[in-house]
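Structure at a glance
Listed here are the chains, written in short residue letters.
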Amino acid sequence: MTIKPPADTRAIAPSEPMVDALDIAANPPRRALALHRELDAVWRDEPGWRGFFTSVNHGTIGLRFMVTAFVFFAIGGVLAMLIRAQLATRQGAFLDLDLYNQIFTMHGTIMMFLFAIPMLEGLALWLLPKILGARDMAFPRLSALGYWCYLFGGSVIVLSLVFGVAPDDGWFMYTPLSDRTHSPGVNADVWLLGVTFVEISAMAAAVEITVTILRCRAGGMALTRMPLMGWYLLGTAVMMLVGFPPLILGSILLEVQRAFDWPFFEVARGGDPLLWQHLFWLFGHPEVYIIFLPAAGALSTIIPILSRTTILGYGAIVAAVAGLVFLSFGLWVHHMFTVGIPHMALAFFSAASALVAVPTAIQIFAWIGTMWMGQVQFRLPMLYIMGFFATFVMGGLTGVMLAMVPFNWQAHDTHFVVAHLHYVLIGGFVFPMLAAVSYWMPLICGRWRVRGLGEAAFWLILIGFHGTFFLMHLTGLLGMPRRVAVYPANPEWEWLNLISSIFGMVMAAGFALFAFDVVMQWLFGRRSWRNPWRAPTLDWAMPLPAPSYNFASLPGPRHGDANALLPLARGEGLLPGAPRGRRETLVVEPGSGRPDHVAALAHSTALPMLTSAAIGSFFAAMLAGLYWLAPVGIALTIWAGWKWGDIMGTDRDHPPARVAPDLELPLHFQRRNTLARTGTLALLLADGTLYASLMFGVGFLTVVAPNWPAPDSGIATLPNLVAAAVALGAMGLGLVASLRAETARSTPMGGTWALAGLGAGGVALAALAVLAFGLDDPTRHARDALRGVVLGFAVFHGVIASLLALRTLADHRQGRVSDQRAGAAPIWQLFQSFWLGTSAVSLTLIIAQEVLS
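For the structure given in this document, a descriptive report is provided here. (Residues numbered from 1 in each chain as written. Predicted model: local features only at pLDDT ≥ 70, side-chain atom pairs only at ≥ 80, totals over all residues. Heavy atoms only, no water.)

1. Looking at the overall build of the protein
A tally of regular secondary structure across the protein gives 24 helices and 4 strands. The globule rule puts the C-alpha radius of gyration for 853 residues at 29 Å, and the 28 Å found for the protein is close to it. Dimensions of the protein along its principal axes, counting C-alpha atoms only, are 85 × 80 × 50 Å. Across the 853 residues of the protein, 61% fall into the buried class. Here the analysis covers contacts within the protein between residues at least 6 apart in sequence; of these, 81% occur between residues at least 24 apart. For the protein, the exposed surface amounts to about 31300 Å²; the carbon and sulfur share of it is 70%. The average position of the 51 basic charges and that of the 48 acidic charges among the side chains of the protein differ by 12 Å. (Helix = DSSP H or I, 4+ residues; strand = E, 2+ residues; numbered from the N terminus. Rg over C-alpha atoms; globule rule 2.2 N^0.38 Å. Buried < 20%, exposed > 50% of the residue type's maximum accessible area, 1.4 Å probe, protein only. Contact = heavy atoms within 4.5 Å. Areas by Shrake-Rupley, 256 points an atom, 1.4 Å probe, with all protein chains shown as cover. Lys, Arg positive; Asp, Glu negative; His and termini not counted. Charge placed at Lys NZ, Arg CZ, Asp CG, Glu CD.)

What follows is the structure in structure tokens.
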């Protein structure tokens, strides 16, 4: 049974043409049902339990991310209610101190790492191909790998609470509280290893989102005409690539200190606990905007549609997104105003923290102006948007207050900061995400919601939230510290905390009702008509629920909005059907959107799940303290990575794919600038950020940390200098070999050059091993420990470069290269260049330290 559309069915035009005008003829129409069957046979998941473990489809993986994130959100919400129950009275006996610390830490960890980031990843994976006019993400197997890493890592973190070994040092893991002396159990290791495991998922999603937006858009869709949601998610992905590596590095350094006693954060041996804070907040503050930007993208999508108009200030909003991305990396120190930062630096970071309000305000005024120009329909998504305005603006204003150093010194570590944090995160992320779920649910399940439940949930959440957290501003201004389980007999604090706890239960009831509403819609909602919001966007130019392949033929210059459903379903767009029995999508030039080639994407496979299990075995060995078993996990991971290469490439040249009557494009096997190469560049951006963070740590401890200069070093010996020169020389020869292996790929010399590059890599790794034996004891001083990490960084990348050389050699011997097919050589060149460049910088730095000390 279907229900009738609302009375107001006026369609609205997009603010900008969705695609540029390309001279591409339309394909002849075909029967829509026949196209559907042809595509569904290729794109659908395998049936039964096999489909659960082997699916790589973006729709399935995206929904799994979002459902799993909501489950973790529910767990984090229960923990929040336990915290509020404890604080309802001044000497709360609901929880003992150890359990309270575990619950407090787990609440923050779950909400930040297991809900917010994975939720936006899931939304991006599920939504991006639909709004960009593609059939899937750029790397389906990478999406699946990210999900399994998220599920396994998140489960370990949550189950640690059940077994009484949950992290208990705060979700920020400040040192020295979290070092082996002050936290001797495995609690801190659970956080460090579990979060690092989960961060693999975030980095995979960041690469996936970046490449998909740049290369997998509709034919002719220039970046300047891309839907705003694409710009928001591109900014988010770039921030993830640059913002997450400092946390990954900090987690690795702290875990190495705990496991092997390398003193990165120990003052007595040249370390400094402030290095952890810098690395953590280099991630922590950009994360606020990483969370906010996708939510803002949902607002920029939904507001004009429910206002029956076009978005106001497309260009200004794009500029504001770019401004937020840039400014967010200059604010981390405002979390550290009270640690003894020099006054000039305080002034700089205070001004930058206030300045970030400008691009945020541009977006808010653009949204308000859009609503002012249109005719606002107060349907359920718009109610949540109103809740966003009422909440996030208050959080932004208190953020500007905290950016002022004198006020920050007074409010630091009080409940005022807790209130600000929740106003920004719940107001800026949760309310927009609830609006997004309400808006896109008909596209997910093909059903309309049960009337009345959603509105009741909204009012319970809104009233409960403000009743809970608005009062915390007052308790903070009255001096109540954060992170406490009990507090003294202060009646002003006690009655405010009691009221906050009561309203917290109201808010929890609202979230429970929202979840019930979603389940009822999924199971019992009436069938929805197509495009119930009368939106002009491509995500609604498909049947409901969205099929596994999204579009029977891909949008082109004549199919820029939701009105293109019938032409696309009849195959009049680009690349209709699946005539070659492959999962194919269009790849375009990054800027102009001009079609470049056709990518044949991966089919269902269990390899991502097995790879995640292999990576997890390494983390499990580290967590159990079985360090001798960790190399087994590394070997399993290398084996799994090699298997990924086995199912890539082809041993024959393919004819061009017919995209339109007058357009034929080569398959990606026969292109050098493939999705894989673009993805490698994105990965190396993150890799370079991690290396820059490591260099920052070296410079910070050298200049700022006490107990320097370090003890005399015995590293500047002739054998070590010779080994360093040999290593760099061999890396250079490997780079030359990688270039020659590609240029000579159609001749036997290509394989010879690959073999030479593999040998050069082995020589370089052997020279680095000689250097490792010549290092000073890394446990005696932070300088020596950092040198060990720098050398380990070089060895790690040398192993990757050598494996790529071996893959290039295998490609030659298996016939996977020709005049048209480059194989793995372009990727090898990128990693070889990175290995050589970073190693040269590292060795130069160590020599400079020796000369200047």
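Don't stop here, the text continues.
2. So, the pattern of salt bridges
A side chain of one charge can pair with a side chain of the opposite charge when the charged atoms of the two come close. Applying the stated criterion across every chain, the model contains 20 salt bridges. Residue Glu38 is joined to Arg30 by a salt bridge in which the shortest nitrogen-to-oxygen separation is 3.3 Å. In this structure Glu38 comes out as partly exposed when scored by relative accessible area, which is 25%. Residue Arg671 pairs with Asp596 through a salt bridge whose shortest N-O separation is 3.4 Å. Here Arg671, found in the loop between strand S4 (663-665) and helix H20 (675-703), pairs with Asp596, found in strand S2 (residues 595-601); they are 75 residues apart in sequence, far enough to count as distant. For Arg671, a relative accessible area of 33% puts it in the partly exposed group. (Salt bridge = Lys/Arg side-chain N within 4 Å of Asp/Glu carboxyl O.)

3. Details of the packing of helix H12 (residues 380-403) against helix H14 (residues 415-445)
It is at 8 Å that the axes of H12 and H14 come closest, and there the two elements cross at 155°. With respect to each other, H12 and H14 are oriented roughly antiparallel. Crossing handedness for the pair H12 and H14: left-handed. A per-class count over the contact of H12 with H14 returns 18 nonpolar, 10 polar and no charged. (Axes fitted to C-alpha atoms, helices over the stretch in contact; angles between N-to-C directions. Parallel < 35°, antiparallel > 145°, perpendicular 65-115°, else oblique. Left-handed = near helix turned anticlockwise from the far one by under 90°. Nonpolar A, V, L, I, M, F, W, Y, C, P; charged D, E, K, R; others polar.)

4. Some words on the nonpolar core
Counting residues in hydrophobic clusters, the biggest one holds 254 residues, and the most contacted among them are Trp367, Tyr384, Phe429 and Trp440. With 22 residues, the top contributor of residues to this core is helix H4 (residues 97-132). Setting aside chain neighbours within four positions, we find Trp440 in contact with Leu123, Trp126, Leu127, Ala298, Thr301, Asp539 and Trp540. Ranked by size, the runner-up nonpolar core spans 14 residues in total, among them Leu791, Ala801, Trp835 and Leu843. (Core = buried A, V, L, I, M, F, W, Y, C linked by side-chain atoms within 4.5 Å.)

5. Examining helix H23 (residues 782-813)
Given a rise of 1.5 Å per residue, 32 residues ought to cover 46 Å, and the 47 Å separating the end C-alpha atoms of H23 matches this to within 8%. A large share of H23 lies buried, amounting to 24 of its 32 residues. Just downstream of H23 lies Gly815, where phi reads positive at about 75°. (Expected span 1.5 Å × (residues − 1).)

6. Section: unusual backbone geometry
With an omega of -10°, the peptide bond between Leu544 and Pro545 qualifies as cis. Structurally, Pro545 is set in the loop between helix H16 (491-524) and helix H17 (565-569). A cis geometry characterises the amide bond from Trp708 onward to Pro709, with omega recorded as 5°. As for its placement among the helices and strands, Pro709 is situated in the loop between H20 and helix H21 (718-743). Of note, Met173 is a non-glycine position whose phi angle comes to about 50°, a positive value. You can see Met173 is positioned in the loop between helix H5 (140-162) and helix H6 (187-215). The class of Met173 is buried, set by a relative accessible area of 0%.

7. Brief notes about the packing of aromatic side chains
Counted by the stated rule, this structure contains 55 aromatic pairs. Between Tyr384 and Phe431, the aromatic rings sit 6.4 Å apart at their centres with planes inclined by 45°, giving tilted as the arrangement. Of this pair, Tyr384 sits in helix H12 while Phe431 sits in helix H14, placing them 47 residues apart in sequence. Taken as a pair, Tyr384 and Phe431 share a single burial class, namely buried. Each ring, one from Phe388 and one from Phe392, has its centre 5.3 Å from the other, and the planes form 15°; the classification is stacked. On the criterion of helical spacing, the pair formed by Phe388 and Phe392 is a turn pair, its members being 4 residues apart in helix H12. The residues Phe388 and Phe392 share a single accessibility class, namely buried. For the cation-ring pair, Arg807 lies above Trp642, with the distance from its terminal atom to the ring centre recorded as 3.9 Å. (Phe/Tyr/Trp six-rings, centres within 6.5 Å; stacked < 30°, edge-to-face > 60°. Lys NZ or Arg CZ within 6 Å of the ring centre and 35° of its normal.)

8. Side note on the packing of H4 against H6
Remark: H4 packs on H6, axes separated minimally by 10 Å, with the N-to-C direction vectors making an angle of 15°. On the basis of the axis angle, H4 is roughly parallel to H6. The chirality of how H4 crosses H6 is left-handed. Contacts between H4 and H6 pair Gln102, Thr109, Phe113, Leu114, Ile117, Glu121, Ala124, Leu125, Leu128 and Leu132 from the former with Asn187, Trp191, Val195, Val198, Glu199, Ser201, Ala202, Ala205, Glu208, Ile209, Thr212 and Ile213 from the latter. The residue makeup of the contact of H4 with H6, split by class, is 14 nonpolar, 5 polar and 3 charged.

Note that all results are geometric; they support no functional claim without further evidence.
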